[in-house]
Amino acid sequence: MEKKYSITGMTCAACSSGIERTVRKLDGVQSCSVSLMGESMDVAYDETVLTDAGIKKAVAALGYGAYDYGKIPQKKKKRFTLGVRFLLSLILLLPEMYLAMGHMISESIVPHGWLNYGFQTALTLLILAVNYPFFVSGVRAAIKRVPNMDTLVTLGAAVSFVYSLVMAILSPEQPTLFFESAAMIVTLVTLGKWLEDKSKRRTGREVEKLLSLAPDTVTVERNGREQLIPLSEVGQGDVLVVRQGESIAVDGTVLEGHAFADQSAVTGESLPVELTAGDHAMSASLVTSGYLRIRAEKVGEETMLSSIIRMVREAGASKA
C-alpha cells in the first residue's frame, strides 16, 4: 500500500532525513521519501505488518506531526511571525554590533567595562528570547537523537553566549566576547527561514490561482434537459453546455456550436481560439463569445488543468 502524509515541524534537511531513517526501519516499510519543501511524506508499506497509526506514531515520537495528506489541523496564530521576529532581531542587533565593534572605529565612541558588557548581555538575551522556537526545536531534536539545523543553531548561539558571559565575569579587564556572534547567528537564520517561508507561500498562491480556473458548477444535458450540477458529479460522456463568460471545466470534443475561447491560462496564446464542431476543448479555457456543447472525455484529475496543478505541486515537493 502507498500513502501520502502531511508532515509538520520540519525545519531543515536533517529533519526530513531523520524522519526517513526512522520510518524506513519500521517493519513492513518498503520505501519512504520525505520532502522538506512540500512538507510531505510518501510511504509504501505492507498493511498486514504495519498500520497507518503506527507510521504516524513513529513520526510523532520524533517530535513532528504526521497527518493524512491535506488534513493538517488548524494551527493557532503565532504571536510573532518569522518576518516580525527578523525585524525585531535586526533592530536589537544594530546597537549590539555598535557596542561590540564600535571600538574598531574609535575607542571613545563606545562605553567600556560593565556598562558595555551589561548592554550586550541584555540585547543578546532579548534576541535569543525573540527566537526561542530555535531552542525548543533544537533541544527536542537532540533529545530524540535526530539533531537538525536548529540543534546546530542552538549549540552555536548558546556556546557563544555562555562563553562570553563567563569571560566577562572572570576576566573583565580585556575579555574576548562573542555576544554579537550569538545574536547574529539566530538573526541570519531567521532571515533565511523567512525567505523560505515566503517562497512556499508564493507557490501555494500560484496553485490556488490555478484551482480557481475550474468552476464549482457546470451545466449538463441529461434526459433532454439542462441541469446545473457540481463539477465533481460530471462523468465521462456527459454533454456540457458552455455559454459566453463561462469556463470550460473538462477536456472533450465540441459536438455543436461556435465560440471563441481564451486558452491563455494553459497555452499562453494571447488571442482567443475559434472552436467549432469536432474541435478539442481544453479545461481552464474561458468562452469569450459564442455557445458550445461539449462531450466530456477527461474529467476530474484527468483534465489538462488538474495535470498542470499536479505537476506544480510535485515540482515544489520533489527533491533536487
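Parameters and conventions
- Residues numbered from 1 in each chain as written.
- Predicted model: local features only at pLDDT ≥ 70, side-chain atom pairs only at ≥ 80, totals over all residues.
- Heavy atoms only, no water.
- Core = buried A, V, L, I, M, F, W, Y, C linked by side-chain atoms within 4.5 Å.
- Buried < 20%, exposed > 50% of the residue type's maximum accessible area, 1.4 Å probe, protein only.
- Contact = heavy atoms within 4.5 Å.
- Helix = DSSP H or I, 4+ residues; strand = E, 2+ residues; numbered from the N terminus.
- Polar contact = N/O pair within 3.5 Å; in protein donor to acceptor, adjacent residues only side chain to side chain.
- Patch = residues over 30% accessible without salt bridge, like charges linked within 9 Å, V, L, I, M, F, W, Y side chains within 5 Å.
- Areas by Shrake-Rupley, 256 points an atom, 1.4 Å probe, with all protein chains shown as cover.
- Salt bridge = Lys/Arg side-chain N within 4 Å of Asp/Glu carboxyl O.

K.L.:
Looking at this model, I keep getting lost on the nonpolar core. Mind explaining?
P.N.:
A general trend in soluble globular proteins is that nonpolar side chains are found buried together. Grouped together as the largest cluster of nonpolar side chains are 21 residues, with contacts concentrated most on Ile-7, Ile-19, Met-41 and Val-43. Once you skip the residues sitting within four places of it in the chain, Ile-19 turns out to touch Ile-7, Met-10, Val-34, Met-41, Val-59, Leu-62 and Tyr-64. Within the second largest apolar cluster, 19 residues are counted, among which are Leu-92, Leu-123, Val-153 and Val-189.

K.L.:
Teacher, can you tell me more about the environment of Glu-246 here?
P.N.:
With respect to the element layout, Glu-246 can be found in the loop between β7 (239-243) and β8 (247-248). Discounting residues that sit within four places of it in the chain, Glu-246 has contacts with Val-241, Ser-285, Leu-286 and Val-287. A polar atom in the side chain of Glu-246 sits 2.9 Å from the backbone nitrogen of Arg-243.

K.L.:
Would you take a moment to explain the side chain of Asn-148 for this structure?
P.N.:
With respect to the helices and strands, Asn-148 occurs in the loop between α5 (132-143) and α6 (149-170). Separated by 3.0 Å, the side chain of Asn-148 and the backbone nitrogen of Thr-151 make a polar contact. Discounting residues that sit within four places of it in the chain, Asn-148 has contacts with Thr-11, Cys-12, Ala-14, Cys-15, Tyr-64, Ser-137, Gly-138 and Ala-141.

K.L.:
Is there a simple way to think about a nonpolar patch on the surface in this case?
P.N.:
The grouping of Trp-114, Val-162, Leu-165, Val-166, Ile-169 and Leu-170 at the surface amounts to a nonpolar patch, some 590 Å² of accessible area in total. Looking at which element gives the most residues to the nonpolar patch, the answer is α6, with 5 residues. With respect to the helices, strands and loops of the structure, Leu-170 is situated in helix α6. Look at Leu-170 and you get exposed, because its relative accessible area is 65%.

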